[in-house]
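# Reading the structure
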Amino acid sequence: MKCMRCGREAYRSTTSEAIETEFGLLVIRNIPCYKCEECDEIFYTGDVVEIIEEITAQVKQATQGLTIIDYSKAA
Ligand SMILES: [Zn+2]
């Protein structure tokens, strides 16, 4: 996997994402991603993006306030 910003090699890692929703802040932890060793750019594969969108849609219906989700348990 090459970095989309600088073209260097990116390695598998995990990250957290904070998503602002109309109902509050959603934090998803342990999201599998690729991280560039050169510029620290983080990017996701298409299936991970889809799952993040699914989690976000479900949480929007269910909760208010601050929500913290562990990706590895939700996916
Ligand atoms: Zn890079």
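Everything numeric in this text was worked out from a predicted model, so none of it was measured.

When you line up the elements, Lys35 lands in strand β2 (residues 24–36). Lys35 gets classed as partly exposed once you count the C-beta atoms within 10 Å, which come to 17.

A separate point is the pairing of β2. Two faces belong to every sheet, and in a regular strand the side chains alternate between them. Sheet analysis places strand β1 (residues 10–21) next to β2, joined by eleven bridges and oriented antiparallel. Looking at the pairing, Tyr11 lines up with Lys35 of β2. Here β1 hands over to β2 after two residues, the two strands then running antiparallel side by side. Taken together, the four bridges between β2 and strand β4 (residues 67–70) define a ladder with parallel strand orientation. The residue of β4 that forms the bridge with Val27 is Ile68. Here β2 runs beside strand β3 (residues 42–43); their pairing, made up of two bridges, is antiparallel. Counterpart to Tyr34 in the pairing with β3 is Phe43. What sits between the antiparallel neighbours β2 and β3 is a turn of five residues, in which Asp40 has the positive phi angle 65°.

To continue, consider the environment of Ala18. By the element assignment, Ala18 lies in strand β1. Exposure remark for Ala18: the 11 C-beta atoms within 10 Å place this residue in the exposed category. Residues Ala18 and Gln61, 43 residues apart in the sequence, show an inter-C-alpha distance of 17 Å.

Parameters and conventions
- Residues numbered from 1 in each chain as written.
- Predicted model: local features only at pLDDT ≥ 70, side-chain atom pairs only at ≥ 80, totals over all residues.
- Helix = DSSP H or I, 4+ residues; strand = E, 2+ residues; numbered from the N terminus.
- Buried ≥ 20, exposed ≤ 12 C-beta atoms within 10 Å, placed from the backbone.
- Pairing = 2+ DSSP bridges.

Just distances and angles here, no functional claims.
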